Protein chains: 2
Amino acid sequence: MEISTKLRYGARALAELGLTYPKRPVPARELAEQQGLSVKYLEHILSALKAAGIVNSKRGMSGGYELARSPEQITMKAVFNALEGSTAPVKCVENPEICSQYDDCPTRPVWEELRDSIDGVLGSTTIADLTERIRSSAKYGKTTYQI
Amino acid sequence: MEISTKLRYGARALAELGLTYPKRPVPARELAEQQGLSVKYLEHILSALKAAGIVNSKRGMSGGYELARSPEQITMKAVFNALEGSTAPVKCVENPEICSQYDDCPTRPVWEELRDSIDGVLGSTTIADLTERIRSSAKYGKTTYQI
DNA sequence: CTGTTCTCCTATTATAATGATATGAAAGAT
DNA sequence: ATCTTTCATATCATTATAATAGGAGAACAG
Ligand code: FES
Ligand code: FES
């Protein structure tokens with residue numbers, strides 16, 4: 001039960017976007033360099049984040065991506081849902097049809113508890129929290145990254 | 001981030017084994033019939049549970065599988081670990097080498113929180129809880145299953 | 001001792017999900 | 001016009017999951 005690289009990379013990119021918010025949009029190329037990722041792959045991720053209304057984009061020179069709302073207003077739950085889908089660890093929690101003995105399933109309550117617990121953690125963390133960690137990190141200031 | 005069918009099926013099988021504990025071992029065939037699963041696939045799952053010390057097995061006629069400890073002593077965390085691996089949603093939480101910017105990673109704390117939260121839920125649920133749900137279920141008694 | 005029931009071991013296959021790359025069109029800025 | 005960037009879509013490689021298959025070997029009942 002691991003999260004995808006999309007979510008890993010996407011969350012870090014958003015944390016960086018929190019640094020520049022609301023000063024300027026950051027091009028995918030720049031974010032990709034920072035993380036040592038392929039630009040094309042990150043574009044894919046940012047595209048999903050845009051579809052979810054988490055980032056806005058501007059084309060052309062001095063364009064790029066920026067947070068659609070303030071970092072405090074973007075929870076990790078929204079990010080998770082955008083890049084990873086549901087937080088329910090089994091489909092039947094949300095689509096009862098899938099499992100046969102749904103009504104009397106002794107394990108489903110456990111999976112529901114798990115989902116709620118995950119939602120709790122992700123719902124109480126925002127991009128602002130991530131960005132704050134970058135600001136207070138040892139390397140911050142040494143980076144070539146310009147705000 | 002979904003759990004595997006191994007865990008889904010395995011957890012339900014263990015809940016059933018809680019019913020017969022400590023009366024008699026139940027053959028894989030019987031458990032598979034109940035869930036409408038292939039015997040061979042369930043054997044595979046039970047084998048993993050045995051390797052983890054969660055069930056014992058007896059060969060030959062009137063053999064089968066039984067819980068290695070009392071249902072109250074088997075947590076869902078142990079079952080999860082046996083069938084699904086670590087509860088950490090990213091490898092770097094437990095293997096720092098994997099991620100590049102490990103030390104200053106702004107997102108890792110979130111994944112650690114997730115792991116702890118998942119551990120909390122799974123650690124506080126036991127097979128006995130699952131078995132109890134079967135006992136108090138509507139269909140219980142109507143089933144052909146004999147203790 | 002013989003047949004039956006069952007676990008146990010290992011190999012194989014099918015299918016799906018993930019991770020990643022590639023190509024180029026459309027839009028915006030100067 | 002030209003450069004920069006998003007955007008849309010297609011493709012490929014790799015891995016993980018799900019499931020099946022065949023048969024060896026233990027336990028036991030008669
Ligand atoms: S209803 Fe889906 S695992 Fe029980
Ligand atoms: S250290 Fe692995 S996601 Fe940050």
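Above this text sits the structure in question.
Attention here is on the structure that accompanies the text. (Residues numbered from 1 in each chain as written. Chains lettered and ligands numbered in written order. Predicted model: local features only at pLDDT ≥ 70, side-chain atom pairs only at ≥ 80, totals over all residues. Heavy atoms only, no water.)

Description of the packing of helix α2 (residues 28-35) of chain B against helix α3 (residues 39-51) of chain B
All names here are of chain B. Axis separation between α2 and α3 bottoms out at 9 Å; the angle between their running directions is 115°. The element α2 and its partner α3 pack so that their crossing is right-handed. On the side of α2, the interface is formed by A28, R29, L31 and A32, while α3 contributes V39, L42, E43 and L46. (Axes fitted to C-alpha atoms, helices over the stretch in contact; angles between N-to-C directions. Helix = DSSP H or I, 4+ residues; strand = E, 2+ residues; numbered from the N terminus. Left-handed = near helix turned anticlockwise from the far one by under 90°. Contact = heavy atoms within 4.5 Å.)

Looking at the protein's contact with DNA strand C
Not every one of the 23 residues close to DNA strand C is listed here, only the nearest: K40(A), A28(B), E43(B), K50(B) and S57(B). What you see for DNA strand C is that sugar and phosphate hold 66% of its atoms within 4 Å of the protein. Within the contact set of DNA strand C, a base nitrogen lies 3.2 Å away from a side-chain nitrogen or oxygen of K40(B). For DNA strand C, a base nitrogen lies 2.8 Å from a polar atom in the side chain of E43(B). Breaking the surface near DNA strand C down by element, the ones donating at least two residues are α1 (5-20) and α3 (39-51) of chain A together with α2, α3, β1 (55-58) and β2 (64-67) of chain B. Considering every element that reaches the surface near DNA strand C, the biggest residue donor is α3(B), with four residues. Within the surface near DNA strand C, the residues separate by chemical class into seven nonpolar, eight polar and eight charged. (Near = heavy atom within 4 Å. Polar contact = N/O pair within 3.5 Å; in protein donor to acceptor, adjacent residues only side chain to side chain. Nonpolar A, V, L, I, M, F, W, Y, C, P; charged D, E, K, R; others polar.)

Here's the deal with the packing of aromatic side chains
All names here are of chain A. By the definition in use, this model includes two aromatic pairs over all chains. Centroid distance Y9 to Y41: 6.1 Å. Interplanar angle 85°. Geometry classified as edge-to-face. Separated by 32 residues along the polypeptide, Y9 in helix α1 and Y41 in helix α3 bring together distant segments of the chain. By relative accessible area, which is 16% here, Y9 ends up buried. On the accessibility criterion, Y41 (32% relative accessible area) is partly exposed. (Phe/Tyr/Trp six-rings, centres within 6.5 Å; stacked < 30°, edge-to-face > 60°. Buried < 20%, exposed > 50% of the residue type's maximum accessible area, 1.4 Å probe, protein only.)

Details of the pairing of β1(B)
All names here are of chain B. Here β1 runs beside β2; their pairing, made up of four bridges, is antiparallel. For K58, the partnering residue across the bridge sits in β2 and is G64. Between β1 and β2, which follow one another and run antiparallel, lie five residues, and G60 among them has a positive phi close to 80°. (Pairing = 2+ DSSP bridges.)

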